[in-house]
Structures are given as C-alpha cells and as structure tokens.
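Chain by chain, the residues run as shown.
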Amino acid sequence: MGEFPPEAAEALKAAEAVCGPLTLEEISNRRGSAVWKAGGPQGVVGIKLGTGEAAEVTAREASVLDQLSEYTVTAGRFDDGVWYVTPWLVGQSTWDVFRPVRKGTGGRQEALEAAVGLCRAVADLHEAGWVHGDLQPQHGIHAEHGVRLLDFAWSRKVGSTPWRRFDGTMIHLTAPELAARIVSGPQPVDTTQTADVYALAGTLWTCVTGNWPLDYEVAGLGRGASVEVMRTAIAHRAVPLSTAMPWPALQARLRYVLLAAPDDRPSAAELGKVVEAVDA
C-alpha cells in the first residue's frame, strides 16, 4: 500500500476533526482515484482523492453527496487533485449478503430482504429526482438503519448533465439503450432511471450467480474482447442472457427486466415489490 500523499494534508485535518488521532488504511488506488479508511477514537470516515482526470469526477461526486440530505461531506482541492471526507458506512455489501446463496449454504431469506432493501434505496433516490448511473453489487451497503448507496460519480439530477462525455461505467451492467447511445452519440449521453433499473436487476442476478448476466461465450466474445466490441454487441442485443438459474423464482423476475424494452421495465419500487413476493 502507498503512503498518503502529503500534498493532501488538508483532507487528513478534516478527517481528524471528526475522528481524532487517525489510523489510515488504503482501500483502493487505481486510475487516479484512491480511497482511504481513516479511523480514530471518535469515529471512522472515508477519504477519497482524485488526481488528473479523476479530479473532475471526484469533485462531481462530492457535489452529489453534498446535495443528498442523508449524506455528509467535506471537500477541498490540492495541487492537481480533489479530496473529500465522508462518514464510513458500516455494513455488508449486497454482494456479501448473497455469499451463502452463491455457496449453496442457505441465506435466501436474508438475501431477499437485502434485495428488497436495495431496490427501495434506489427507488428513494429516483423519487428524489436523481439517477445513480453506476449500480453494482458492491455499491449498496446494508447498514443498521437501511441500505445506503455508494459511488455517485456518475449520478445526476434529472434535467441536468454535469459531464461533457459519458462512455459508460460497468460494461456488464450497461443497459442496451444506453450502450447504443454511447456507440452512436451524440454526446453528452444522459444516464436514466430506466437504465438504473436494468443495472439493478443485473446486480441482483450477479449476486445470485456470481457471474454477469450476459453470456459472452455464446456470443463469441471471449476474455480478450474489448469494451468497445462488447458495448456494440450489447447495444444490438447480440449477447444472450446466461441460462444458469440456481434460483429460478427470483431470476425469472430479473430476467424479465433484463429482456424488457426500457419503457416496459418496472420502476425500482415496483421491482422491490416483485422481489418481495418471491418465496425463499
């Protein structure tokens, strides 16, 4: 793990004001974006640093957090970078909650409750007029008082477009219509709530099976396929869904969402009700 950059000392001061004397743990560091967990006797926070091209994205995410009433954030700049500090969310990710399901050791009732909680968290965000834009299995934290979402770098208020260009996030969870817009333009491409619902269903499918929903091998797209090639295939719906169905009662409902046209998809709230009706 690397050393915390001294030029971002103001971030440490902000974290120390919340936590007291700090112990630091680097959680991730890639493509100019680094996340640190900072703990002390008074609390635990996350510190995110964005440098180079990631600076704009980090600043954008801090701005979103600042506008969401259930989140707290302190942000600043250093040299060519941006930092922000926000309370650390304690709890399992949706991916973690589903681990017993993937192992075949039970846990279906807990997983269903987690799935419903994730749907409701996305529904609440949508009801408040936001699009998340990057839902993934690790981006829902099942905390003591409900599910909290992570990674708002590609979130936007409906009616606004805070970026000049959008080339997609997790390709495996990109809705076909969003992939088509990225491929054909024009830019900027707006993320949508219906594309969020596709990613939400794909996230839950992945949590159940341990694999992405699309079967790239059947489509002739091996591990060496580029993101651009996969995106074009997804845009043309040329990649079929996986036939692996370890939990048919739940996956049948997710399958409908993943195959439906955008206007035919349920809302996140409706998907939550459908999932809630599944028998464990």
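All of these numbers come straight from a predicted model, not from anything done at the bench.

Engineer: I keep staring at unusual backbone geometry and nothing clicks. Help me out?
Structural biologist: Residue Pro186 follows Gly185 across a cis peptide bond; omega there is 0 degrees. Along the polypeptide, Pro186 turns up in the loop between α6 (176–184) and α7 (193–209). Following Gln187, the chain continues to Pro188 via a peptide bond in cis, the omega torsion being -5 degrees. Mapped onto the elements of the fold, Pro188 is located in the loop between α6 and α7. At Arg31, a position not held by glycine, the phi torsion is positive, near 50 degrees. Position of Arg31 among the secondary structure elements: in the loop between β1 (23–30) and β2 (33–40). On the accessibility criterion, Arg31 (71% relative accessible area) is exposed. Despite not being glycine, Asp79 shows a phi value in the positive range, around 40 degrees.

Engineer: Could you clarify how one ought to interpret the nonpolar core in this entry?
Structural biologist: Here is a general trend for soluble globular proteins: nonpolar side chains tend to be buried in one another's company. One finds Phe98, Leu149, Phe152, Leu200, Trp247, Leu250 and Leu271 to be the most contacted residues of the largest nonpolar core, which totals 63 residues. Within the second largest apolar cluster, 15 residues are counted, among which are Phe4, Cys19, Leu49 and Trp83.

Engineer: Is there a simple way to think about the packing of aromatic side chains in this case?
Structural biologist: Given two aromatic rings, their pairing is described by the distance between the two centres and the angle made by the two planes. For the coordinates displayed, the defined rule picks out 5 aromatic pairs. The interplanar angle of 65 degrees and the centroid separation of 5.2 Å between the aromatic rings of Trp154 and Trp163 together place this pair among those described as edge-to-face. What makes Trp154 buried here is its relative accessible area of 17%. For Trp163, a relative accessible area of 4% gives the class buried. Among the aromatic side chains, those forming a connected cluster through ring pairs are Trp154, Trp163 and Phe166.

Engineer: Help me understand empty space enclosed by the protein, please; the structure alone is not making it clear to me.
Structural biologist: One way to see where empty space is left: roll a probe the size of a water molecule over the atoms. Inspection of every chain in the model, using the stated rule, returns 2 cavities of 30 Å³ or more. Each pocket or cavity is described by its volume, and for the largest cavity that value is around 130 Å³. What lines the largest cavity is a set of 16 residues, among which Gly133, Thr169, Leu173, Leu178 and Ala199 lie closest to the centre. It is α7 that provides the largest number of residues to the lining of the largest cavity, a total of 3 residues. Reported here for the second largest cavity is a volume of approximately 30 Å³. Considering the residues around the second largest cavity, the lining is formed by Leu118, Leu135, Gln136, His139, Gly140, Leu200 and Thr203. Looking at the lining of the second largest cavity residue by residue, the class counts come to 3 nonpolar, 4 polar and no charged.

Engineer: Looking at this structure, I do not really get the pattern of salt bridges. What am I missing?
Structural biologist: Where side chains of opposite charge bring their charged atoms close, a pairing between them can arise. Applying the stated criterion across every chain, the model contains 8 salt bridges. Measuring nitrogen to oxygen at the nearest pair gives 3.2 Å for the salt bridge that ties Arg99 to Asp96. Here Arg99 falls in the partly exposed class, since its relative accessible area comes to 33%. The network of salt bridges with shared partners includes Glu56, Arg60 and Arg164.

Engineer: Help me understand helix α8 (residues 227–235) in this model?
Structural biologist: Residues spaced three or four apart along an α-helix point in a common direction, a consequence of the helix completing one turn every 3.6 residues. Every buried residue of α8 is accounted for by Met230, Arg231, Ala233, Ile234 and Ala235. Residues of α8 that are buried in the fold lie against α6. Trailing α8 by a residue or two, Arg237 shows a phi angle of about 50 degrees, which is positive.

Engineer: When you look at the sheet that holds strand β8 (residues 140–143) in this model, what are you seeing that I'm missing?
Structural biologist: Each strand in a sheet pairs with another by means of backbone hydrogen bonds, the pair being arranged parallel or else antiparallel. With antiparallel pairing, the 3 strands of this open sheet are ordered in space as β6-β8-β9. The outermost strands of the open sheet, each flanked by one partner alone, are β6 (92–93) and β9 (146–149). Helix α5 (residues 108–127) contacts β8 and β9 of the sheet and is inclined by roughly 55 degrees relative to β9.

Engineer: Even after reading the chapter, I still don't get the environment of Asp264, so can you show me in this structure?
Structural biologist: Within the fold, Asp264 resides in the loop between α9 (248–259) and α10 (268–276). Note on Asp264: relative accessible area 48%, which makes it partly exposed. Spatially, the C-alpha atom of Asp264 lies 33 Å from that of Ala62, the residues being 202 residues apart in sequence.

Engineer: Please explain the layout of surface pockets as it appears in this structure.
Structural biologist: Its volume calculated, the second largest pocket comes out at about 400 Å³. If you trace the second largest pocket, you find 16 residues lining it, with Trp212, Leu214, Tyr216, Glu217 and Arg223 closest to the centre. Split by residue class, the lining of the second largest pocket holds 8 nonpolar, 5 polar and 3 charged.

What counts and how
- Residues numbered from 1 in each chain as written.
- Predicted model: local features only at pLDDT ≥ 70, side-chain atom pairs only at ≥ 80, totals over all residues.
- Heavy atoms only, no water.
- Helix = DSSP H or I, 4+ residues; strand = E, 2+ residues; numbered from the N terminus.
- Buried < 20%, exposed > 50% of the residue type's maximum accessible area, 1.4 Å probe, protein only.
- Core = buried A, V, L, I, M, F, W, Y, C linked by side-chain atoms within 4.5 Å.
- Phe/Tyr/Trp six-rings, centres within 6.5 Å; stacked < 30°, edge-to-face > 60°.
- 1 Å grid on protein atoms, 1.4 Å probe; cavity = no way out; pocket = protein on both sides within 12 Å on 5 of 7 lines; lining within 4 Å.
- Points joined across faces, edges and corners; volume = space filled by probe spheres on them.
- Nonpolar A, V, L, I, M, F, W, Y, C, P; charged D, E, K, R; others polar.
- Salt bridge = Lys/Arg side-chain N within 4 Å of Asp/Glu carboxyl O.
- Contact = heavy atoms within 4.5 Å.
- Pairing = 2+ DSSP bridges.
- Axes fitted to C-alpha atoms, helices over the stretch in contact; angles between N-to-C directions.

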